[in-house]
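Spelled out, the chains give:
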Amino acid sequence: MITYKEFNQHDYRNALGKFGTGVAIVSTKTTDDFPVGVTINSFNSVSLDPPIVLWSLNKRSPSLKAFDDTGRFVIHVLSKDQIGLSKRFSSQIEEKFANVEYEFGQLGVPLISGCSAIFECTTWLRQEVGDHILFLGLVENFNSTEKEALLYYKGCYASGTELETNLI
Ligand SMILES: Cc1cc2nc3c(=O)[nH]c(=O)nc-3n(C[C@H](O)[C@H](O)[C@H](O)COP(=O)(O)O)c2cc1C
């Protein structure tokens, strides 16, 4: 076992990457209605009743202020044909939404088209945790489509075409 004080960041990240996830874009808007979005894989469900989800954002993110100001966000679970969007929203280009198809949803937050599922949320709790801000959101409404989701495993994108049948 490697103790905390001896952590090599590279090895630590590799170990974390063994935990496969989906890929999502979390969006919000600035107070002057400029759309904001970030690629994340820290999304997860916390509670079913009430429906509460979580994700976390690096404290140094220039997008943090918009999430704090609006108190609302939309989680977009990306479909397997949206790798380009994942790369775009994990880059630091200024106009991430240029040429991206979207509309403003019921909470006034941008909804990106063509995703596998979306969850419109109001911020339930915001907590500083180490170098990230943890957001918990109450799911106000959601939509799920037939589109297969994009997966992320050991730092690579994948799709779930080789799903095992339920072993339980
Ligand atoms: C698959 C993937 C998952 C990511 N997950 C997160 C995450 O959960 N939290 C985070 O803060 N950054 C995450 N990132 C990094 C951000 O997308 C990246 O730092 C981006 O530049 C943030 O946008 P910003 O510059 O507007 O803050 C992830 C990147 C990728 C490619």
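This text goes with the structure placed above it.
Note that this is a predicted model, so its numbers are computed, not measured.

## Notes on the site of the ligand
At step 1: By nearness alone, 19 residues border the ligand, and Thr-39, Ser-42, Asn-58, Ser-61 and Ser-63 come closest of all.
At step 2: Here a nitrogen atom of the ligand and a backbone polar atom of Ser-56 are 2.9 Å apart.
At step 3: For the ligand, an oxygen atom lies 3.3 Å from a polar atom in the backbone of Ser-90.
At step 4: Breaking the shell around the ligand down by element, the ones donating at least two residues are β3 (35–40) and β5 (52–58).
At step 5: When grouped by side-chain class, the residues that make up the shell around the ligand number seven nonpolar, eleven polar and one charged.

## Regarding the sheet that holds strand β11 (residues 150–153)
At step 1: Spatially, the three strands line up as an open sheet ordered β1-β11-β12, and their pairing is antiparallel. Each edge of the sheet is formed by a strand with only one pairing partner; in this case those strands are β1 (21–22) and β12 (156–159).
At step 2: Where β11 meets β12, four bridges bridge the pair, whose relative direction is antiparallel. Each bridged residue has a counterpart across the sheet, and for Tyr-153 the counterpart in β12 is Cys-156.

## Focus: the packing of aromatic side chains
At step 1: What the rule picks out here adds up to twelve aromatic pairs.
At step 2: An aromatic cluster of three or more residues is present, and its members are Trp-55, Phe-67, Phe-73 and Phe-135.

Reading the values: the criteria
- By convention here, each chain's residues receive numbers from 1 onward along its written sequence.
- A pLDDT threshold of at least 70 governs which residues receive local features in this predicted model, and a stricter bar of 80 or more applies before side-chain atom pairs are shown or counted, although totals over entire chains, interfaces and linings include all residues.
- Side-chain figures throughout are based on the complete set of non-hydrogen atoms in the structure, without hydrogens or water.
- Here a residue is considered near a molecule or strand provided that any single heavy atom belonging to it is located within 4 Å of it.
- Between N or O atoms, a polar contact is any pair within 3.5 Å; within protein, one atom must be a potential hydrogen donor and the other a potential acceptor, and residues adjacent in sequence are included only when both atoms are from side chains.
- Here a helix means four or more residues in a row that DSSP labels H or I, a strand means two or more in a row labelled E, and each is numbered from the N terminus.
- Classification used: nonpolar for Ala, Val, Leu, Ile, Met, Phe, Trp, Tyr, Cys and Pro, charged for Asp, Glu, Lys and Arg, polar for all others including Gly.
- Strand pairing follows a simple DSSP-based rule, namely that at least 2 bridges must link the two strands.
- Centres within 6.5 Å are what make two rings of Phe, Tyr or Trp a pair, Trp counting through its six-membered ring; a difference in plane orientation under 30 degrees is then read as stacked, over 60 as edge-to-face, and the rest as tilted.

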